[in-house]
Amino acid sequence: MQFHTSALSEIKNKKFFIASPSKEIYGLINHITGASGKINLIDYSEISFTVAYGDNVQNWEHLKKFNTVYVEDVGWFQLQEPAETDDGTQLFKDCAMYSLEYELSQRNTSFTVNTGTVDSLENIVFLDRHPELTWEDDWQLAKEDYIRFCHDDDPDLSLMHLLLEKFPNWGVGYIHPALKPKIRSFSEFSGSPYSFLMENAAKAFECIFTFDTDKNLINAYPINDAGDTFDQNVLGRTTDLYLGFENLVKDFQLSQRTEEDTVTAIRVFGGDKLDLRDVNLGMDYLFDLSHYYDRMSPGLLDKWKAWLALKDSLCEDYIALAIRHNNNTLEQLNLHTMLPEDKDSGTEDWTKYGINELTSKLKTTSQILENYEKLGLSQDSETWLNAVQKRDAVQAELEAKKAQLEELKAEEAEIVREKLAVTKQIDWNSFYTVSELKELTPYIKEADYTNDTILILDSYSIEEIIEQQKELKKDAVNTLSRLSQPQYTISTSLVNLFSLPKFRSKWEDFSLGNFVTVLKGNRDFLLRLISVSFDFYNPDSIQVVWSNMYRDNQGTNDIEYLLKGIAGGSVSSISSRSASGSGSGSGKDPDSEKGGGYTLSYGEYTGLLQMLDGQFDAITSDYIFTKILEGEKGYFERLSAHILSSDYADIKFADIGELKAALADVESLLAGNAGVGDLQAIHLTADNAVIDEAVIKHMIAAEISVADLMAHIASAELITLVSSETGRPAIALKGATQQFFDSEGNVRVQIGQDGGGGFSFVVRGEDGTTALFDSHGIRQEGIPDNIIVNKMIAPGTIGPDRLDFQVEIDSEGRLITSIDRIYTENGTRFGTEFYELKETTQALDSKIEDNLQYKIEIDSSNGVIFTNRIIDTILSAVLYRGNEDVTAQFADSCFIWTRQSGDADLDDYWNSQHESGAKSLHITREDLYKKAQFRCSFWLNHQLVAAGTF
């Protein structure tokens, strides 16, 4: 909230007034026995007080939730539900209240802004203002049509005004001119206006919001860093106010992040699996032990610094080797996979093929020759000689490629040896002694660090990838310098300088957001004031909290803390990721760099406006979406289109699935299939067409089916049909015999005349020799297991001599099939033992069933740790009986949820709203202010059977 710290000069005499939610004052609150406050810069402020009931108490009945309280010269607050207590002699109300902006967290809103989608607000506003247009029409937004941070003259295009539509009692106050025109994109935000301002907008626009609770206005200021040139309208001024034990400091608390939280070694990753090994001597990790230098022995410290110096000196040599190695790997890969540019042309220039394709073609040509040999084709025929020539040419090129590959592998082995020679120099096991490693190890604490804003594209060369790795390493070194040393938070207890007239000239300096120098011994800390706590009835001292000043190799600053602290995030996050996801704002100012998401810089907007008029020289982009693209010339590697319309097309090669044409004048037509309606064709005769004999043979063999042949007599000694897939015979006919082959060339079925002159039908097994069925019927090998089933066996056809266990027979020699008449190996009846075992098993099952216990496990859809005050998860209760999930067997009313937090009254209210029961529970920030436990109890027949806690 907006607060003038000068009010602390007479804080003891401030009056409290109770009012309605709309600020209609009921009167004074008296009988206040104690009151304390905490005024915050980056969160809502809090005041608590106690009222004693008595004869002259005023407005006791108005001390209830949602009423407001005005504290003189401090501001307006919203009262929470008071807790009534009774000490046996007197009744009290313990009241807590939050600064009035807290009410902005009590209603939710949802929107999408500046994303260009159909539901994005800028498009909705534009179409509302242009009813003659629809989403499908051809139109584009100008820069002034986008929603900016604040637009006083056009609230429909003002993010601040749109945000407050549900809060007519709040308005837009002072917005710094530098913030007003900024444009950011937010995708599918859903939450309260307060959370949006403090969590999303503050980060996206890099600003701080303050709330004037007297006028119900929201202000926004950019953030000044320590030492920046002062702008009175920017939050934060570096003052010349010095605080120390010599003047105002009563107590100084420096709370460091424990050394357990520090990280001294990070394994580094970028986007798209980028790492830094090629620029870091093959190592994934970076190290920074500088915080522990004063604890190392002199010998180890000298050795560590020598190792770092050696590592740096070898780095460029290793990078050069890495480039050679990567290029060598690419050459080897190309030798394996290369293909002609026009891979469908069927060229026989084998130098254009790689090892993989040459190996395949050699196998194919060799198989063709084997088939020709089986068919008895003459080795002097042109067909045979052409096939041999092709095989030999393919084999010769394959051998040449393999020789090149061996040369590359030898070169690679030498490069690897050189790289190993470099890395061996910095290998810890050889560089350090065993005792040095034992001393060094405790200082190493590892973690992973990822910055996926630094990535590589498929089009990058090896050199460009190396540059990206260097950039990733530089970023990681800077991050590690902060993570490797404990950061600190400082709080101080001060004499209330506002009660001392001699400090009156410094009262204005001591304002929230300003920088003050705090002295401690021979150290001085330049800190930003972010919170002041005080006691209304003991105003001689105040408690102060300062922002966290992060230390790294660039110096100190607290802007990262402020923007993360607003959202309740951790300042020690190791992971660095690009802005994305629901409600996140894009990164940079549109007048400088281009941010994430859909944000456009001013220069890009200007370019878009020029493009609307058709004025641009060149476009370089990975992806362009437009409704109409007109140009004099176009060059495309690949063009995909639903409809292609052209007056004239000069195309070298076209792969077309279906071609429809009113008239086609084709100089040469090669087709596998041709389906035509009316075809005006040139009459081809032997006089006007010359067709190669091989073409005719291929056409007959490949394209004419048996149904197409009309013949009175066809004679041949041997006809063999060869499979196009395996190149082996599939069907053969010789005289009165027909054979069917499998893919391995084995005869599996033979019909007709056999070698002895008789006629038979033979089915053989997978080995091609074992007969499964012949002229004598089914053989034993032709009856697999599980083929003969019970109904295939005639009654009374199986005798006792066919069973391998003892049974009883009747007087006629027939089996007695009762289970009681079957005997076990030891001579006892199987039936008796079976029934005894069955009874025992059933009794055991019943006993186990009766003793199975119920238990509840609670699952959270979004995990158990929430950062940045973004809380949105679904808790689901799973009921087990033993190890069986029985949740679905019981109604929702059996599952009752309760909450336990620090506020018993709010818990009672919350519990009353969830008495109907449910198997799942949606938890948001409204359900969880700071911390709470959620318990699900399973009730069966009015008895508590099981419970689980989250």
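The structure presented is a predicted model; accordingly, all values stated were derived computationally and were not measured.

Conventions used here
- Residues numbered from 1 in each chain as written.
- Predicted model: local features only at pLDDT ≥ 70, side-chain atom pairs only at ≥ 80, totals over all residues.
- Heavy atoms only, no water.
- Pairing = 2+ DSSP bridges.
- Helix = DSSP H or I, 4+ residues; strand = E, 2+ residues; numbered from the N terminus.
- Axes fitted to C-alpha atoms, helices over the stretch in contact; angles between N-to-C directions.
- Contact = heavy atoms within 4.5 Å.
- Patch = residues over 30% accessible without salt bridge, like charges linked within 9 Å, V, L, I, M, F, W, Y side chains within 5 Å.
- Areas by Shrake-Rupley, 256 points an atom, 1.4 Å probe, with all protein chains shown as cover.
- Salt bridge = Lys/Arg side-chain N within 4 Å of Asp/Glu carboxyl O.
- Lys, Arg positive; Asp, Glu negative; His and termini not counted.
- Charge placed at Lys NZ, Arg CZ, Asp CG, Glu CD.
- Buried < 20%, exposed > 50% of the residue type's maximum accessible area, 1.4 Å probe, protein only.
- Polar contact = N/O pair within 3.5 Å; in protein donor to acceptor, adjacent residues only side chain to side chain.
- Arc of directions from axis to C-beta.
- Expected span 1.5 Å × (residues − 1).
- Core = buried A, V, L, I, M, F, W, Y, C linked by side-chain atoms within 4.5 Å.
- Parallel < 35°, antiparallel > 145°, perpendicular 65-115°, else oblique.
- Nonpolar A, V, L, I, M, F, W, Y, C, P; charged D, E, K, R; others polar.
- pLDDT = per-residue confidence, 0-100.

## So, the pairing of strand β8 (residues 91-99)
Part 1 of the argument: For strand β4 (residues 46-52) and β8, the ladder comprises 7 bridges, and the chain directions are antiparallel. For S48, the partnering residue across the bridge sits in β8 and is A96.
Part 2 of the argument: Relative to β8, strand β6 (residues 75-79) runs antiparallel, the two sharing 3 bridges. Paired with L79 across the strands is M97, a residue of β8.

## Looking at the sheet that holds strand β17 (residues 285-287)
Part 1 of the argument: Here 3 strands make up an open sheet; going across it, the order is β17-β16-β18 and the pairing mixed. Pairing within the sheet leaves two strands with one partner each, and these edge strands are β17 and β18 (446-451). The mean angle between the axes of side-by-side strands here comes to 35 degrees, regardless of whether they run parallel or antiparallel.
Part 2 of the argument: Bridge count for strand β16 (residues 265-270) against β17 is 3 bridges, and the pairing is antiparallel.

## Concerning unusual backbone geometry
Part 1 of the argument: Positive phi, close to 80 degrees, is recorded for F66, a residue that is not glycine.
Part 2 of the argument: Within the secondary structure layout, F66 lies in the loop between β4 and β5 (68-71).
Part 3 of the argument: For H942, which is not glycine, the phi torsion reads 65 degrees and is therefore positive.
Part 4 of the argument: As for its placement among the helices and strands, H942 is situated in the loop between β37 (933-940) and β38 (943-949).

## Here we look at the sheet that holds β38
Paired through their backbone hydrogen bonds, the strands of a sheet run either parallel or antiparallel.
Part 1 of the argument: Strands sit in the order β35-β37-β38 across an open sheet of 3 strands; the sheet is antiparallel. Bordering the open sheet on either side are β35 (895-900) and β38, each of which pairs with just one other strand. Within the sheet, the average angular offset between the axes of one strand and its neighbour, ignoring direction, is 25 degrees.
Part 2 of the argument: Here β37 pairs with β38 via 6 bridges, running antiparallel. By the bridge assignment for β38, S937 is matched with A947.
Part 3 of the argument: Lying over the sheet, helix α14 (residues 904-912) contacts β35 and β37, oriented at roughly 165 degrees with respect to β35.

## Regarding a negative patch on the surface
Part 1 of the argument: On the surface, a cluster of negative charge is made up of E81, E84, D905 and D908.
Part 2 of the argument: Counting through the fold element by element, D908 comes out in helix α14.

## A look at the side chain of E103
Part 1 of the argument: On the secondary structure map, E103 appears in the loop between β8 and β9 (109-113).
Part 2 of the argument: Although E103 is buried, it forms no salt bridge, and the closest oppositely charged side chain is K23 at an N-O distance of 7.4 Å.
Part 3 of the argument: Separated by 2.6 Å, the side chains of E103 and W170 make a polar contact.
Part 4 of the argument: Discounting residues that sit within four places of it in the chain, E103 has contacts with Q78, F167, N169, W170 and N216.

## Digging into helix α1 (residues 121-129)
One turn of the α-helix equals 3.6 residues, which is why residues spaced by three or four share an orientation.
Part 1 of the argument: For α1, the set of buried residues is E122, N123, V125 and F126. Summarising the axial view, the buried residues of α1 lie within an arc of 160 degrees, below the 170-degree limit, and thus occupy one face.
Part 2 of the argument: Packed against the buried residues of α1 are β9.

## Concerning helix α9 (residues 462-483)
Part 1 of the argument: Compared with the 32 Å implied by 1.5 Å per residue over 22 residues, the 31 Å span of α9 between its first and last C-alpha is a close match.
Part 2 of the argument: Looking at α9, one finds that the buried residues are I462, I466, Q469, L472, K473, A476, T479, L480, S481, R482 and L483.

## Describing the nonpolar core
Part 1 of the argument: Judged by nonpolar contacts, the single largest core of 56 residues is most densely connected at F16, F49, F510 and W546.
Part 2 of the argument: A total of 6 residues in this core trace back to one element, the largest contributor, which is strand β21 (residues 523-535).
Part 3 of the argument: Among the nonpolar cores identified, the runner-up in size contains 42 residues, and L301, W307, I319 and L472 belong to it.

## Structural notes on the packing of helix α4 (residues 298-337) against helix α5 (residues 355-374)
Part 1 of the argument: Two numbers describe how α4 lies on α5: the axes approach to 4 Å, and their chain directions differ by 25 degrees. By the criterion of interaxial angle, the relationship of α4 to α5 is roughly parallel. Within the contact between the two elements, α4 uses L335, H336 and T337 and α5 uses I355, N356 and E357.
Part 2 of the argument: For the contact of α4 with α5, a count of residues per class yields 2 nonpolar, 3 polar and 1 charged.

## Some points on the confidence of the model for the protein
Part 1 of the argument: Taken as a whole, the protein shows an average pLDDT of 78; of its residues, 72% reach a score of 70 or greater.
Part 2 of the argument: Below pLDDT 50 for its whole length, residues 566-618 participates in 110 contacts with residues either more than four positions away or in separate chains.
Part 3 of the argument: Contacts for the low-pLDDT stretch residues 670-714, under 50 throughout, to residues beyond four places or in other chains number 8 contacts.

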